[in-house]
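Given next are the chains, with one letter for each unit.
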Amino acid sequence: MANAKKEAPRFKEWKRSNPGVKRVEQFMSNSAKYAVTHHYDSVSKSLFALDIVCRSRAKSDKTSSFDFDEVIGAVEKELADLANEICAKNEQINALLTNHEINDLVEYENPWSREFIIKTPQSFTALKMFTDFDKLNTYLDTAYLYGLTGKVTVDEISYKIANQFKELARSLYVRSTNALRQLRESREANVAAGDTDPSNHEVLAELAAFESADQDGSAGGEQDAQVAPVDVAKTAGAIDKAEGLQHAS
């Protein structure tokens, strides 16, 4: 007797595989811990949402109401601009330490580790930005302890970048929310018009799964953080002093 074929599980019986790469990173400074716990998950979730939109375009999206290439291009530029700024500042402060023959960096009492699941190419860039920010704080604290710069300058540089992470998270949230809304509207309009393209239903199903995971807290919700916010001294001229570091010797 022939073996009975097993039926493939129905859609509602399984969850999407949602592939990702696991990374464990360690953070030392309070500023970086605060930035990660308050902003990384929001950034990562928004990037994944935009990834859904861009992949859906490859599934024969028939609307021309939303320029997907322009959106993802703007997002990648926004990420690159901040990443390059942090990298440049790291090189600047590291050069200052090297010029003074300082090789021993400060150590911190309470390092903190966290596991990340990277689901989009842009998320690799985002995570590196946070780890580079932690490195920058290490360089800044070292420069301060060796008397190469003042505490106000250190706090001002750190605060400026921490605030840029906040603005980045807000910007990506707005972009991803608008993109998802317009994608859903276009797909629903296609279905209502009698378009039988299966990609319409596939995309709507993925959107539903994404929103369901978000409600369940499994799509990268903000985590509680027992980390003190950055203590910033608001002193006139601090930014000028911060920028003046590049001329220090």
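See above for the structure.
As the structure is a computational prediction, the values presented were derived from the model and not from experiment.

About the criteria used
Residues numbered from 1 in each chain as written. Predicted model: local features only at pLDDT ≥ 70, side-chain atom pairs only at ≥ 80, totals over all residues. Heavy atoms only, no water. Helix = DSSP H or I, 4+ residues; strand = E, 2+ residues; numbered from the N terminus. Buried < 20%, exposed > 50% of the residue type's maximum accessible area, 1.4 Å probe, protein only. Contact = heavy atoms within 4.5 Å. Areas by Shrake-Rupley, 256 points an atom, 1.4 Å probe, with all protein chains shown as cover. Salt bridge = Lys/Arg side-chain N within 4 Å of Asp/Glu carboxyl O. Core = buried A, V, L, I, M, F, W, Y, C linked by side-chain atoms within 4.5 Å. Axes fitted to C-alpha atoms, helices over the stretch in contact; angles between N-to-C directions. Parallel < 35°, antiparallel > 145°, perpendicular 65-115°, else oblique. Expected span 1.5 Å × (residues − 1).

Asker: Please explain the overall build of the protein chain as it appears in this structure.
Answerer: In terms of helices and strands, the protein chain carries six helices and two strands. Secondary structure elements in the protein chain, listed N-terminal to C-terminal, are β-α-α-β-α-α-α-α. Sorting the 249 residues of the protein chain into buried and exposed places 39% on the buried side. Restricting the contact set of the protein chain to residue pairs at least 6 apart, pairs at least 24 apart contribute 87%. Just so you have it, the protein chain exposes about 14400 Å², and 50% of that area is on carbon and sulfur atoms.

Asker: In this structure, what is going on with the pattern of salt bridges? I would like to understand it.
Answerer: Note that side chains of opposite charge can pair when their charged atoms are close. With the rule as written, the count across this model stands at nine salt bridges. Note that Asp155 is salt-bridged to Lys151, the shortest N-O span being 2.7 Å. In this pair, Asp155 and Lys151 are both assigned in helix α4 (residues 151-192), four residues apart and thus about one turn of the helix distant. By relative accessible area, which is 10% here, Asp155 ends up buried. Residue classification places Lys151 among the partly exposed residues on the basis of a relative accessible area of 38%. Here Arg170 makes a salt bridge to Glu167, at a shortest N to O gap of 3.4 Å. A residue pair is termed a helical-turn pair when its members lie 3 or 4 positions apart in one helix, as Arg170 and Glu167 do in helix α4 at three residues. Under the relative-accessibility criterion, Arg170 is labelled partly exposed at 47%.

Asker: Just checking my understanding: could you explain the nonpolar core for this structure?
Answerer: What tends to happen in soluble globular proteins is that the nonpolar side chains get buried as a cluster. Grouped together as the largest cluster of nonpolar side chains are 48 residues, with contacts concentrated most on Tyr40, Met129, Phe133 and Phe165. Those elements that place two or more of their residues in this core are α1 (30-57), α2 (68-99), β2 (112-118), α3 (121-145), α4 and α5 (198-216). Apart from the residues within four sequence positions on either side, Tyr40 is in contact with Ala35, Arg114, Phe116, Ile118, Ser123, Ala126, Leu127 and Phe130.

Asker: Help me understand the packing of α3 against α4 in this model?
Answerer: Two measures define how a pair of helices packs: the angle their axes make with one another and the distance between the axes. Two elements in contact, α3 and α4, have axes whose closest approach is 9 Å; the angle formed by their N-to-C orientations is 170°. By the angle between their axes, α3 is roughly antiparallel relative to α4. Of the residues in α4, those in contact with Met129, Phe130, Phe133, Leu136, Asn137, Leu140, Asp141 and Tyr144 of α3 are Lys151, Val154, Ile157, Ser158, Ile161, Ala162, Phe165 and Leu168.

Asker: Would you take a moment to explain α3 for this structure?
Answerer: What sets the pattern is the α-helix's 3.6 residues per turn: residues three or four places apart point alike. The terminal C-alpha atoms of α3 lie 37 Å apart, and with 25 residues this matches the ideal 36 Å at 1.5 Å per residue to within 8%. With its phi angle positive at about 75°, Gly147 sits one or two positions after the end of α3.

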